[in-house]
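Here's the letter readout for the chains.
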Amino acid sequence: MSPKDSPPTEYTPRAWLVILGAFTCTFCTVGFMNSFGIFQEYYTKNQLSSTSTSTIAWIGAVSIFFLFAISVVAGAMLDIFGPTFMVYVGSFGCVFAIMMTSLCQEFYQFLLAQGILLGVSMAMVTWPMLALVGQYIKVKRAAAMGIVLAGSSLGGVIWPVAIDRLINKPKIGFPWTMRIVGFIMIPCFIFSCAVAKSPNTPAINLESRDSNQKSDEDTAEQKDKPQSHKAEAMALFRKPSLQLLCLAMFITYFGMFSPFFYTTSYAVEKGFSTSLAFYTVSIVNGASFFGRVLPGIVADKYGKFNCCIIATISAGVVALCWTKVTSVAGLVIWSAAYGFASGGILSLQQACAAQVATSTTLGLAIGTVSGATALSAMANVPISGALLEKYGYLSLSIFSGVSLLLGGLLLIAARLVQNRELRAIV
């Protein structure tokens, strides 16, 4: 078909259903994980009151680790087997983990249910849905990824407020709060499962009709598929652009989530009202919603790596200004600025990974880049806590800002490997 016909063909109602299914998926997975601060505070005062705060934080840290670590396996499995089985298993696992958490009383029980099982299940459903969007959308891929990941920002706004309201009502309490969360997630995951199907490839069928010779070639290619996929995977891992992108995100994630976890406690320490302190997390996530959508739209025109570099360096500069915030207006503006910049990193990371991949290694590329962040994302929580306890918020601000700026420099290197032209759209 002519180039004019390709955008409408790509953005079919079916493709938009997949985008919406991935949006509801990230709302229930990454969005829910963004509300762990509420659970940390609740566990400290209730079920795990005899356990130290740093130990309780490992529940969230382990969950984050498995969410990112399993992404490599999930991405590779998507490329080979398709998304359906993983999305079904992951969806069931998420709801089951939430229901089991409602029954927990001991630390090891919370670690198993809300830490390990929930983290693994979230990875099984999140990354296949993200990669599936990349398979459907190739022209405006960064914008599509931004819309999908905006679901996690919306979850980061809604889940903390809803959980805080429910968990503190005497007639509901913790067990029924978790069950209500599970019941809300069920229809969202059912919709994600219903749309989790790989796109058809009519172009191959049309070519095979054109000549018998093409048909014979297709048959030969089908026999060599396992070998060719392995070769493509090895070629992907050898790409300097992918290696530098993985390293950049590994460094970036060391400090990126510190403001998400500790903005509330900073506001309390500075003497701001408790309600304002609580809503700073929602402000960060609310701004992150726009930060995930708008940079994605711009990146399709000016380059995924170019925009990701700007977002990462901007987030680093804002993080370094953290302790200079001393007023209510300043706290709101700073939270919104950091949320917007960090949102751009989270959405463009996937678009950058998709850019260096081929159509048959898309899931593997997204999974590899996400998996590279697993250890640093997990380490971010205890490192931030230790710095805060020993040296205060200035050390946390410097740690977060420097890790982001160093990640930005590595992204520049990944961009220059692909094209040394300063004005090039990369």
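The structure presented is a predicted model; accordingly, all values stated were derived computationally and were not measured.

A. Summary view of the domain arrangement of the protein chain. Partitioning the protein chain into structural domains gives domain 1 (9–198) and domain 2 (232–425). Each of domain 1 and domain 2 was reduced to a C-alpha centroid, and the two centroids are 20 Å apart. Contact with domain 1, which involves 41 residues of that partner, is made by 39 residues of domain 2. Between domain 1 and domain 2 lies a buried interface of about 3200 Å² when both sides are counted; carbon and sulfur atoms form 73% of it. The interface formed by domain 1 and domain 2 holds zero salt bridges in total. Where domain 1 touches domain 2, the interface holds 13 residue pairs in polar contact (both at pLDDT 80 or more). The set of elements that each furnish at least two residues to the side of domain 1 that touches domain 2 consists of α5 (53–69), α6 (71–81), α8 (107–136) and α9 (141–167). If you tally residues by element for the side of domain 1 that touches domain 2, the top one is α9, at 17 residues. Looking at side-chain class alone, the side of domain 1 that touches domain 2 contains 27 nonpolar, nine polar and five charged residues.

B. How the structure looks around a nonpolar patch on the surface. The grouping of Phe92, Phe96, Met100 and Leu103 at the surface amounts to a nonpolar patch, some 420 Å² of accessible area in total. Along the polypeptide, Met100 turns up in helix α7 (residues 84–101). When its relative accessible area of 32% is taken as the criterion, Met100 is described as partly exposed.

C. Here's a closer look at the pattern of salt bridges. All told, the structure shown has one salt bridge when counted by the stated rule. The partner of Lys304 in a salt bridge is Asp300, and the shortest N-O contact between them spans 3.5 Å. The exposure classification of Lys304 matches that of Asp300, with both residues buried.

D. Region of the structure containing the nonpolar core. Phe32, Tyr43, Met185 and Tyr338 are the most contacted members of the largest nonpolar core, which totals 123 residues. Tallying contributions element by element places α8 first for this core, with 14 residues. Counting contributing residues per domain, this core is built from domain 1 (9–198) and domain 2 (232–425), each supplying no fewer than three. Setting aside anything within four residues of it in sequence, one finds Met185 in contact with Cys28, Phe32, Val95, Ile98 and Trp159.

E. Layout of helix α20 (residues 374–391). End to end, α20 covers 26 Å across 18 residues, agreeing with the expected 26 Å (1.5 Å per residue, within 8%). Maximal helix bending in α20 amounts to about 35°, located at Asn380; proline Pro382 follows within four positions. When α20 is considered as a whole, its buried residues turn out to be Ala374, Ser376, Ala377, Met378, Ala379, Asn380, Val381, Ser384, Gly385, Leu387 and Leu388. Tucked inside the fold, the buried residues of α20 contact α5, α14 (240–252), α15 (258–269), α19 (362–371) and α21 (393–418). Positive backbone phi, at 90°, marks Gly392, one or two positions downstream of α20.

F. View of the environment of Leu245. When you line up the elements, Leu245 lands in helix α14. With relative accessibility at 0%, the residue Leu245 sits in the buried group. Distance from Leu245 to Cys352, taken between C-alpha atoms, is 8.0 Å for residues 107 residues apart in sequence. Those residues in contact with Leu245 that lie beyond four places of it in its chain are Phe305, Cys352, Ala353, Val369, Leu411 and Ala414.

G. A look at the environment of Gln40. Along the chain, the position of Gln40 falls in helix α4 (residues 36–45). In this structure Gln40 comes out as buried when scored by relative accessible area, which is 16%. Sequence separation between Gln40 and Lys230 is 190 residues; the distance between their C-alpha atoms is 43 Å. In contact with Gln40, not counting residues within four places along its chain, are Thr53, Ile56 and Ala57.

H. Looking closely at the packing of aromatic side chains. A full pass over the atoms with the stated rule returns 22 aromatic pairs. Between Arg179 and the ring centre of Trp176, over which it is positioned, the NZ or CZ distance is 5.0 Å.

I. A look at the side chain of Ser63. With respect to the helices and strands, the residue Ser63 is situated in helix α5. Excluding residues within four positions of it along the chain, Ser63 makes contact with Met33, Gln114, Gly115 and Gly119.

Thresholds, definitions, all that
- Residues numbered from 1 in each chain as written.
- Predicted model: local features only at pLDDT ≥ 70, side-chain atom pairs only at ≥ 80, totals over all residues.
- Heavy atoms only, no water.
- Domains from an automatic or database assignment.
- Contact = heavy atoms within 4.5 Å.
- Buried area = accessible area lost by both parts, 1.4 Å probe.
- Salt bridge = Lys/Arg side-chain N within 4 Å of Asp/Glu carboxyl O.
- Polar contact = N/O pair within 3.5 Å; in protein donor to acceptor, adjacent residues only side chain to side chain.
- Helix = DSSP H or I, 4+ residues; strand = E, 2+ residues; numbered from the N terminus.
- Nonpolar A, V, L, I, M, F, W, Y, C, P; charged D, E, K, R; others polar.
- Patch = residues over 30% accessible without salt bridge, like charges linked within 9 Å, V, L, I, M, F, W, Y side chains within 5 Å.
- Areas by Shrake-Rupley, 256 points an atom, 1.4 Å probe, with all protein chains shown as cover.
- Buried < 20%, exposed > 50% of the residue type's maximum accessible area, 1.4 Å probe, protein only.
- Core = buried A, V, L, I, M, F, W, Y, C linked by side-chain atoms within 4.5 Å.
- Expected span 1.5 Å × (residues − 1).
- Bend = angle between axes of the 7 residues up to and from the residue.
- Phe/Tyr/Trp six-rings, centres within 6.5 Å; stacked < 30°, edge-to-face > 60°.
- Lys NZ or Arg CZ within 6 Å of the ring centre and 35° of its normal.

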